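In case you want the letters, here they are:
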Amino acid sequence: MAVLDAGQHPGLPLVVTDLDLRGIDGRPLVSLPRLNVTAGSSLAIRGPSGAGKSTLLHAFSGLVTPAGGRVVWGGTDIAGLSDSARTRFRRQNVGLIFQDFLLFEELGALDNASLSAAFAPRAERAALRDRAASWLNRFGLGQAGTRRADSFSGGERQRVAVARALSNDPAVILADEPTASLDRATADRLIDDLVALSQDSGRTLIVVTHDATLATRLDRVVTMADGRIVEDSDE
Amino acid sequence: MNSFGDFWAGLPAAAQDILVVALLLLPGLATGLIVLRGYAPGRLVRAMLRRFSVSNGIFVCLIAVSVAIGVGLTAQERGLRQGSARAAAAFDLIVAAPGSEITVMLAAVYLQPSDVPLLTGDQYTQIATDPDVTLAAPIAFGDSYDGAPVVGTTADFVTHLAGDLADGRIFATSAEAVAGAFAPVALGESFTPAHGHGATAEDAAHAGSSYTIIGRMAATGSPWDRAILVPIEGVWEVHGLANGHAPAAGDQIGPPFDAAYFPGTPAVLVRADALWGSYALQSRFTRPDMMAFFPGTVLAQMHSLMRDVREAMSLLAVVTQVLVTVSILAGLVILTRIFARGLALLRAIGAGRRFVFAVVWSYSATLIAAGSLLGLGLGWLAAMGFSHVITARTDILVTASVTWTEVQLVAGFVSLTLILALLPALAATRRQLLTDLRN
């Protein structure tokens, strides 16, 4: 996957203060007194299973409502937003990449990559599909537009998922274990490309991974254990 | 209100039917417009349909069968009612000896074997000579050939029943016969009638007597199409009775009959020129020694008596549809759970709950619409099939077809289920996003 002419994009800075994430039963999951992420930088969150990495990423994306604290993206505290406002924020600002990519198996590459066109305002649909097609082209999947996702290789699925995350031109890319189901070479290439995308286009990139080697390819690495950040490469 | 009533009454029937269908569909369509406003979930819905195509196909078939039962029952019941009425249309007024009107009607109109008392020659003469009577045709039944009833009557009745013959000519002697359109005999064929019908028929009872087919009637859509019509004189003669005429009359067949030589007849079809005349005749011939009735009225009474059965059938069809609908809605909730991760993905990448609602509703609506359309077709095919069976078994031409009544039934069902489909859609939006995303 080669990133070409990604274009400049104003990434959003993230300021997290006194974040308290709890489970449905009230059990504390993550406690984060403070975390700042510069706009356009890349951050790796690593740690063992159960450390709270994915939960923290879900809080950054607004998929989890914190029990307390603030998650401020470029001046917007998404922790204080309503469910529908958080959804809108995600649609307008966040590109999400999931561990197993979560494609609709019966749809083609382009339909998967431009999934958000189905619920975008009518005026934006064509542009969104064009953008998705453009990313697929850049990722070498221009010819696979109508092929069903269930015929894709792991690498192809990952590229379609990235194209989907980028199709709404997000300021922030959040990736949850994006390399977990990939072989070493493909995983390395993906992380390199995401970092290059962040650097070239100015998007803020946060990647959750348990892979220490991959994490070092990003600008900054924080390590979590038992719901807390126990190490920060910037400190 | 009056002006609307006038406007409605002024509309052609087809326009009224179309408007009723549109009104019945309106709630469902309006629901769809509101739910889908601003969204384009078509590709996702197609993906969901393809994902579990077998399960979706079973759902569509379940809906189709429930709709087909309703459509088929309604169409068939109406077809049977219309067919039986059409079969009786030629029988204006029937005069018979006192007894059961239904028994006489079944025997004289639908040619069902039965024993009924006879009218005498004097009674027949009183009927035939009444100034308001234009046709007084005696009908004598009881014999058969190869399963076909052999009925004695007059040439005028044959013409009255079926118009001009499709082939050959009308009988001119007591040994000639005219076949019904589908009677199992060929033109020119001679046969000896059996006494009685079916398994108990005595084939040799009339040995030595025979009829020759010299004409064939056009189809009437009634049991008479399988009958063989002979001069009533022939029926009397093969039973060893006088033939209705004095010996001096020679080979005369047909009226006038001589009361002294008239052996009796189970029923007389009577016609008057005008409707009021028929009512007057009914009044005159309804007396202690004979009864007169309109088969159409008796049939209407029978249909009225059967209304409870009809309503029970309709209720059964509705209950079936409701049960299937409830099963389908429960099934849709389960199917929606299977799609939960994909729906959670949609919300994760920025789709609102309303969009998820629209996707699930559209998916449900597609299954309901497809099943209902298929059901309409299946119901039509089933009604056609049953019509053939009933026609073959009763000789009453039943032509059940799907009409606006059935279309309206389906439109109402579609509208109702499209609204009920809001429930699984609502259930889909109430799920825990993160839980579904992780599963």
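Okay, so let's go over this structure. A quick note: this is a predicted structure, and the numbers were derived from the prediction, not measured. (Residues numbered from 1 in each chain as written. Chains lettered and ligands numbered in written order. Predicted model: local features only at pLDDT ≥ 70, side-chain atom pairs only at ≥ 80, totals over all residues. Heavy atoms only, no water.)

This next bit is on the overall build of chain B. Looking only at helices and strands, chain B has 16 helices and 11 strands in total. Expected size for 439 residues packed as a compact globule is a radius of gyration near 22 Å; at 31 Å, chain B overshoots this value by more than 25%. Based on the C-alpha atoms only, the size of chain B along its principal axes is roughly 105 × 55 × 35 Å. Counting every atom, chain B has about 19,700 Å² of accessible surface; 64% of that belongs to carbon and sulfur. Charge separation in chain B, taken as the distance between the mean sites of 25 positive and 30 negative side-chain charges, equals 37 Å. (Helix = DSSP H or I, 4+ residues; strand = E, 2+ residues; numbered from the N terminus. Rg over C-alpha atoms; globule rule 2.2 N^0.38 Å. Areas by Shrake-Rupley, 256 points an atom, 1.4 Å probe, with all protein chains shown as cover. Lys, Arg positive; Asp, Glu negative; His and termini not counted. Charge placed at Lys NZ, Arg CZ, Asp CG, Glu CD.)

A few words now on the interface of chain B and chain A. Taken together, the contact pairs 24 residues of chain B with 25 residues of chain A. In total, chain B and chain A occlude about 2,300 Å² of area from one another, counting both sides; carbon and sulfur atoms represent 63% of this. Its largest share of buried area at the contact with chain A, chain B owes to R43(B), L345(B) and I349(B), together 24% of the area lost on that side. Among the ionic pairs, R341(B) bridges to D100(A), the shortest N-O distance being 2.9 Å. Viewed at the interface, chain A and chain B are joined by 10 residue pairs in polar contact (both at pLDDT 80 or more). The set of elements that each furnish at least two residues to the side of chain B that touches chain A consists of α3 (42-51), α12 (340-348), α13 (353-394) and α16 (433-438) of chain B. Considering each element in turn, the side of chain B that touches chain A owes the most residues, 6 residues, to α12(B). (Contact = heavy atoms within 4.5 Å. Buried area = accessible area lost by both parts, 1.4 Å probe. Salt bridge = Lys/Arg side-chain N within 4 Å of Asp/Glu carboxyl O. Polar contact = N/O pair within 3.5 Å; in protein donor to acceptor, adjacent residues only side chain to side chain.)

Residues and elements named next belong to chain B. By secondary structure assignment, the location of F141 is in strand β2 (residues 133-145). Counting along the chain gives 91 residues from F141 to I232, while the straight-line C-alpha distance between them is 9.2 Å. Non-local contacts of F141, meaning those with residues more than four positions away in its chain, are made with A107, A108, S114, V116, V150 and P266.

Quick look at the nonpolar core now. F60(A), W73(A), L346(B) and L437(B) are the most contacted members of the largest nonpolar core, which totals 84 residues. I94(B), M105(B), V151(B) and V298(B) belong to the second-largest nonpolar core, a separate cluster that totals 39 residues. (Core = buried A, V, L, I, M, F, W, Y, C linked by side-chain atoms within 4.5 Å. Buried < 20%, exposed > 50% of the residue type's maximum accessible area, 1.4 Å probe, protein only.)

Residues and elements named next belong to chain A. The terminal C-alpha atoms of helix α4 (residues 122-138), which comprises 17 residues, lie 25 Å apart, in line with the 24 Å expected from a rise of 1.5 Å per residue. All of the buried residues along α4 are R125, L128, A132, W135 and L136. Taken around the axis of α4, the buried residues stretch over an arc of 100 degrees, which confines them to a single face. Facing away from the buried side of α4 by more than 90 degrees, the exposed set consists of A123, D130 and N137. Against the buried residues of α4 lie α3 (109-113), α5 (154-166) and α6 (184-201). (Expected span 1.5 Å × (residues − 1). Arc of directions from axis to C-beta.)

Let us look at helix α6 (residues 121-128) of chain B. Residues and elements named next belong to chain B. Within the span of α6, buried status applies to G121, Q123, Y124 and I127. Buried residues of α6, seen end-on, are gathered within an arc of 160 degrees and therefore sit on one face of the element. Those residues of α6 hidden inside the fold are in contact with β1 (93-96), β2, β10 (267-272) and α9 (275-285).

Residue and element names in this part refer to chain A. Spatial ordering of the open sheet is given by β2-β1-β4-β5, a layout of 4 strands whose pairing is antiparallel. Each edge of the open sheet is held by one strand with a lone partner, namely β2 (28-37) and β5 (76-77). Pairing of strand β1 (residues 14-22) with strand β4 (residues 68-73), which is carried by 5 bridges, proceeds in the antiparallel orientation. By the bridge assignment, T17 is partnered in β4 with R70. Together, β1, β2 and β4 form the strand contacts of helix α1 (residues 53-61), whose direction differs from that of β1 by roughly 120 degrees. (Pairing = 2+ DSSP bridges. Axes fitted to C-alpha atoms, helices over the stretch in contact; angles between N-to-C directions.)

For the rest of this paragraph, the subject is the pairing of strand β8 (residues 211-216) of chain B. Residue and element names in this part refer to chain B. Among the 6 residues in β8, 5 count as buried, and that is most of the element. In the sheet, strand β4 (residues 167-168) pairs with β8 via 2 bridges, with the strands oriented antiparallel. Bridge assignment links D167 to a residue of β8, and that residue is R216. Alignment of strand β5 (residues 176-179) against β8, held across 4 bridges, turns out to be parallel. If you follow A177 over to β8, its bridge partner there is I213.

So, on to the pairing of strand β9 (residues 228-231) of chain B. Residue and element names in this part refer to chain B. Note: strand β3 (residues 148-153) against β9, 4 bridges, orientation parallel. Note that in β9 the partner of T153 across the bridge is P231. Two elements, β5 and β9, share 2 bridges in a ladder whose sense is antiparallel. Opposite V178, over in β9, you have L229 as the bridge partner.

All names here are of chain B. The geometry of helix α4 (residues 53-88) relative to α13 is characterised by a closest axis approach of 5 Å and an angle of 40 degrees between their N-to-C directions. Relative to α13, α4 is oriented oblique. Judged by the twist between their axes, the crossing of α4 over α13 is right-handed. (Parallel < 35°, antiparallel > 145°, perpendicular 65-115°, else oblique. Left-handed = near helix turned anticlockwise from the far one by under 90°.)

This part covers the packing of α3(B) against α13(B). All names here are of chain B. Two elements in contact, α3 and α13, have axes whose closest approach is 9 Å; the angle formed by their N-to-C orientations is 55 degrees. The orientation of α3 with respect to α13, classified from their angle, is oblique. The two elements α3 and α13 meet at a crossing, and its hand is right-handed. Along the contact surface, α3 presents L44, V45, M48 and L49, while α13 presents F355, V359, S362, Y363, T366 and L367.

Turning next to the pattern of salt bridges. The full count for this structure, using the stated rule, is 26 salt bridges over all chains. Here R22(A) ties to D20(A) by a salt bridge, and the two come within 3.0 Å at their closest N and O atoms. Among the residues examined, R22(A) registers a relative accessible area of 39% and is labelled partly exposed. Notably, a salt bridge pairs D289(B) with R287(B), separated by 2.7 Å at the nearest N-O pair. Assessed through its relative accessible area of 26%, R287(B) is described here as partly exposed. Where salt bridges share partners, they join R184(A), D188(A), D192(A), D211(A) and R217(A) into one cluster.

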